[in-house]
Protein chains: 2
Amino acid sequence: MRVGIIGGTGDIGEGIAMRLSSAHFVSIGSREEEKAVYTSECCFAAVTKMGLACSVSGCTNQAAVDRSDVVILAIPFRHIEPTLASLTGLEKKIVVSPINPMEKRDFFVYTPPPEGSAALLVKKLLPPGTRVCSAFNTVAANKWRVFSEELDLAVPVCGDDPMAKGVVLDLVRSIPGVKGYDAGPLAASFMVECLTPLLLNIARFNKMKDVGIQFR
Amino acid sequence: MRVGIIGGTGDIGEGIAMRLSSAHFVSIGSREEEKAVYTSECCFAAVTKMGLACSVSGCTNQAAVDRSDVVILAIPFRHIEPTLASLTGLEKKIVVSPINPMEKRDFFVYTPPPEGSAALLVKKLLPPGTRVCSAFNTVAANKWRVFSEELDLAVPVCGDDPMAKGVVLDLVRSIPGVKGYDAGPLAASFMVECLTPLLLNIARFNKMKDVGIQFR
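The structure contained in this document is the topic of the report that follows.

Reading the values: rules and limits
- Residues numbered from 1 in each chain as written.
- Chains lettered and ligands numbered in written order.
- Predicted model: local features only at pLDDT ≥ 70, side-chain atom pairs only at ≥ 80, totals over all residues.
- Heavy atoms only, no water.
- Helix = DSSP H or I, 4+ residues; strand = E, 2+ residues; numbered from the N terminus.
- Rg over C-alpha atoms; globule rule 2.2 N^0.38 Å.
- Buried < 20%, exposed > 50% of the residue type's maximum accessible area, 1.4 Å probe, protein only.
- Contact = heavy atoms within 4.5 Å.
- Areas by Shrake-Rupley, 256 points an atom, 1.4 Å probe, with all protein chains shown as cover.
- Lys, Arg positive; Asp, Glu negative; His and termini not counted.
- Charge placed at Lys NZ, Arg CZ, Asp CG, Glu CD.
- Phe/Tyr/Trp six-rings, centres within 6.5 Å; stacked < 30°, edge-to-face > 60°.
- Lys NZ or Arg CZ within 6 Å of the ring centre and 35° of its normal.
- Pairing = 2+ DSSP bridges.
- Axes fitted to C-alpha atoms, helices over the stretch in contact; angles between N-to-C directions.
- Core = buried A, V, L, I, M, F, W, Y, C linked by side-chain atoms within 4.5 Å.
- Buried area = accessible area lost by both parts, 1.4 Å probe.
- Salt bridge = Lys/Arg side-chain N within 4 Å of Asp/Glu carboxyl O.
- Polar contact = N/O pair within 3.5 Å; in protein donor to acceptor, adjacent residues only side chain to side chain.
- Nonpolar A, V, L, I, M, F, W, Y, C, P; charged D, E, K, R; others polar.

This next bit is on the overall build of chain A. Along the backbone of chain A there are nine helices and 11 strands. Here the C-alpha atoms of chain A give a radius of gyration of 16 Å, agreeing with the 17 Å that 2.2 N^0.38 yields for 216 residues. Overall size of chain A, expressed as C-alpha extent along the three principal axes, is 40 × 40 × 30 Å. Residues counted as buried form 58% of the 216 residues belonging to chain A. Sequence separation of at least 24 residues holds for 69% of the intrachain contacts in chain A that already meet a minimum separation of 6. Entry remark: accessible area of chain A is about 8800 Å², with carbon and sulfur atoms responsible for 53%. A distance of 4 Å separates the average location of the 23 positive side-chain charges in chain A from that of its 22 negative side-chain charges.

Counted according to the given criterion, the structure contains four aromatic pairs over all chains. Looking at Lys-165 of chain A, its charged tip hangs above the ring of Phe-205 of chain B, at a distance of 5.9 Å from the centre.

Moving on: the sheet that holds strand β3 (residues 56–60) of chain A. Residues and elements named next belong to chain A. Spatially, eight strands are ordered β3-β2-β1-β4-β5-β8-β9-β10 in an open sheet, and the strand pairing comes out mixed. Looking at the sheet topology across the chains shown, the edges are occupied by β3 and β10 (178–182). Neighbour to neighbour, the strand axes of the sheet diverge by 25° on average, direction disregarded. Sheet topology places strand β1 (residues 2–6) next to strand β4 (residues 70–73); four bridges connect them, and they run parallel.

Formed by 82 residues in total, the largest nonpolar core has its most connected members in Leu-73 and Val-122 of chain A together with Leu-73 and Val-122 of chain B. Setting aside chain neighbours within four positions, we find Leu-73 of chain B in contact with Ile-6, Leu-84, Val-95, Val-96, Pro-98, Ile-99 and Val-122 of chain B.

Let us look at the interface of chain B and chain A. Of the residues lining the interface, 35 residues belong to chain B; the matching set on chain A comes to 35 residues. Carbon and sulfur atoms supply 72% of the area buried between chain B and chain A, which totals about 2700 Å² over both sides. Our count for the chain B to chain A interface comes out at two salt bridges. Salt-bridge contacts for Arg-216 of chain B lead to Asp-152 of chain A; the nearest nitrogen and oxygen are separated by 3.4 Å. Remark: the boundary between chain B and chain A carries nine residue pairs in polar contact (both at pLDDT 80 or more). Residue assignment for the side of chain B that touches chain A shows that the elements contributing at least two residues are β7 (108–110), β10 (178–182), α8 (189–193), α9 (195–205) and β11 (213–215) of chain B. Ranked by the residues each element gives to the side of chain B that touches chain A, the list is headed by α9 of chain B, at seven residues. Its residues assigned to classes, the side of chain B that touches chain A comprises 24 nonpolar, five polar and six charged. Inspection of the sheet shows strand β11 (residues 213–215) of chain A paired to β11 of chain B by three bridges, in the antiparallel sense. In the sheet register, Ile-213 of chain A faces β11 of chain B, and the bridge partner there is Phe-215 of chain B.

Below is the structure:
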């Protein structure tokens, strides 16, 4: 699959890129192309060092869209509007939101927008009919970036287009140690986004690190 | 520990009673005492059949409060107000809410009250200073009631009183196969209550049964 990662130089984007690039063609996008190229070189070095194949390149965010079938928005919540406004052609792609709107107070709090969730806001801002899914919300970036560490976690996927959701579930399940689950329509995505502040609270109050989730 | 279970004849209450009664003194409460006695007899039979000790009795909801140090509200969300209005003495107890406000539409949706969560509503309705925790939200009743089945799941606990939260965590951890986690203050409980409709969606859309959660 051809996968573009918008904001791919951030922790989450880099983690996802590293885990996907041995089985897919990954384009790491960034507002600064040079930074994306550097991240792609780091990713290539880490993945091939493990004796695995790796297909990754760095480019602008727009090029990452143009080169891909699936586009992952690895950006902070506050960047959703300006980033989407700066990109074209997303209506022809499957757009994946791993975004979790939250605030850090004495503890982490889920703070969804009036639309109900970050994924629903993404859908509202894109042309009608754009296929939007939520996935990769519970990625603990530090764990995903340490490529020698085996993953053991669940990634719930929400979406309204069954075909697009199937493609994203296949993408998730192509990562060793990761189980993909259908978590319902995009309107159910707030219950998945809400997991991330919960996991951060669990980590914080139980002195744990990089907590992920598994369904039993 | 002396544990009272309000609404203990329901699926969730019975499941919790069965898992606690070999290590604690459990009083199953009900609006109908006879029903509570019957449930306690079923519980006793199932637990002793496994060769385990069992201390359980059936009584009215008020007696279950009076006899206990920890009171678990195993009631549906819509029963919170009338049930709490019918009971006295809760301000001297540790009150535990396993309640998850939700609706079943095409999928399960978390529907918190204006207070923010069921646990926060419970706290608001009880006298100031009452020690309220949330716990046991993610109990899959069918799994908990099949006593021969080993559990392997996480139970997050929220609360504002550290001592009370410690007691509830000890109670949770006394159940074989169950890991208790501090999930922060009571204001964070909505992110735990939200897990249950998510787990029901995961079960529904992936043809699974009695899905629980584990942190990794």
